[in-house]
Structure formats: C-alpha cells, structure tokens
Amino acid sequence: QVQLVESGGGLVQPGGSLRLSCAASGNGFSNYRMGWYRQAQGKQREWVATIASGGTTNYAMYPDSVKGRFIASRDNAKNTVYLQMNSLKPEDTAVYYCNAAYRNYDYWGQGTQVTVSS
C-alpha cells in the first residue's frame, strides 16, 4: 500500500512558477513509475508528466502542452517526486494529482489546486 500526499499548490500570476511535491509512504518507492496529472474544472483528467522508475534516473516524459515549461524529478531517498512548473499560463489552472504505478498497483493522491490568474 502506498499513500501519496501532494503539496505546493496555490495562486500564481501568469508567467510565474510553482513547485509541487508528492510525498509517498510505503516500501519500494523506487520501483514505482511516478506520474503527474491534472484536471481542470469540467474537463477530463490530463497527463502532465511521467518519471521513470529506478534508482539513478530522472528520465521524464511530457505532453507538448507543458514540454519546456515543466520539469519532473524524483528523490528516492526522500520518497518524493516534484513538479517544477515555470512560465505558468491561465490554462494550467487545475487540480494536480500524483500517481504511482507498478505492475497491477496504481495509487493516487488527493490532489492540490493550482490557480494561474492575475
């Protein structure tokens, strides 16, 4: 069993930055492929980033909508993943969720609200 707790959301002006964190409890964190997703009001959940499992890699993938602006990373020693969000736009406004996946296991956090507005 893995529990995920996101933090770091808030209100930011367009062009600003935020860093989200996702702290995981439980064993085997490095085995989990970690992901970030978001869901804007009235829309479907959208993939934002995936960070590969493993002990030494921070290889990550992104959709075109955030590529070059968002950076995902993980610290296996702290059982934590991060999402550095730069050059934020109003359309980035959403609840951001952390996901942990390994074999048949799939866990979600409760989400953290990010609002980009002037």
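Before going into details, it helps to say that this report is about the structure given with it. (Residues numbered from 1 in each chain as written. Predicted model: local features only at pLDDT ≥ 70, side-chain atom pairs only at ≥ 80, totals over all residues. Heavy atoms only, no water.)

Burial runs high along strand β8 (residues 80-85): 5 of the 6 residues are buried. Relative to β8, strand β3 (residues 18-25) runs antiparallel, the two sharing 6 bridges. Its bridge partner being in β8, Arg19 is matched across the sheet by Gln84. With 6 bridges connecting them, strand β7 (residues 70-75) and β8 associate as antiparallel partners. Counted as the bridge partner of Arg74 is Val81 from β8. Between β7 and β8, which pair antiparallel one after the other, the connecting turn spans 4 residues, and Asn79 there sits at a positive phi close to 50°. (Buried < 20%, exposed > 50% of the residue type's maximum accessible area, 1.4 Å probe, protein only. Helix = DSSP H or I, 4+ residues; strand = E, 2+ residues; numbered from the N terminus. Pairing = 2+ DSSP bridges.)

Here we come to the packing of aromatic side chains. On inspection of all chains with the given rule, the structure shows 4 aromatic pairs. For the ring pair Tyr32 and Tyr102, a centre distance of 5.6 Å and an interplane angle of 55° mean the geometry is tilted. With Tyr32 in the loop between β3 and β4 (33-39) and Tyr102 in strand β9 (residues 94-102), this residue pair connects regions lying 70 residues apart in the sequence. The exposure class of Tyr32 is buried, given its relative accessible area of 8%. Classification of Tyr102 by relative accessible area gives partly exposed; the value is 27%. A ring pair is formed by Tyr32 and Tyr107, whose centres lie 6.2 Å apart and whose planes are at 55°; its orientation type is tilted. (Phe/Tyr/Trp six-rings, centres within 6.5 Å; stacked < 30°, edge-to-face > 60°.)

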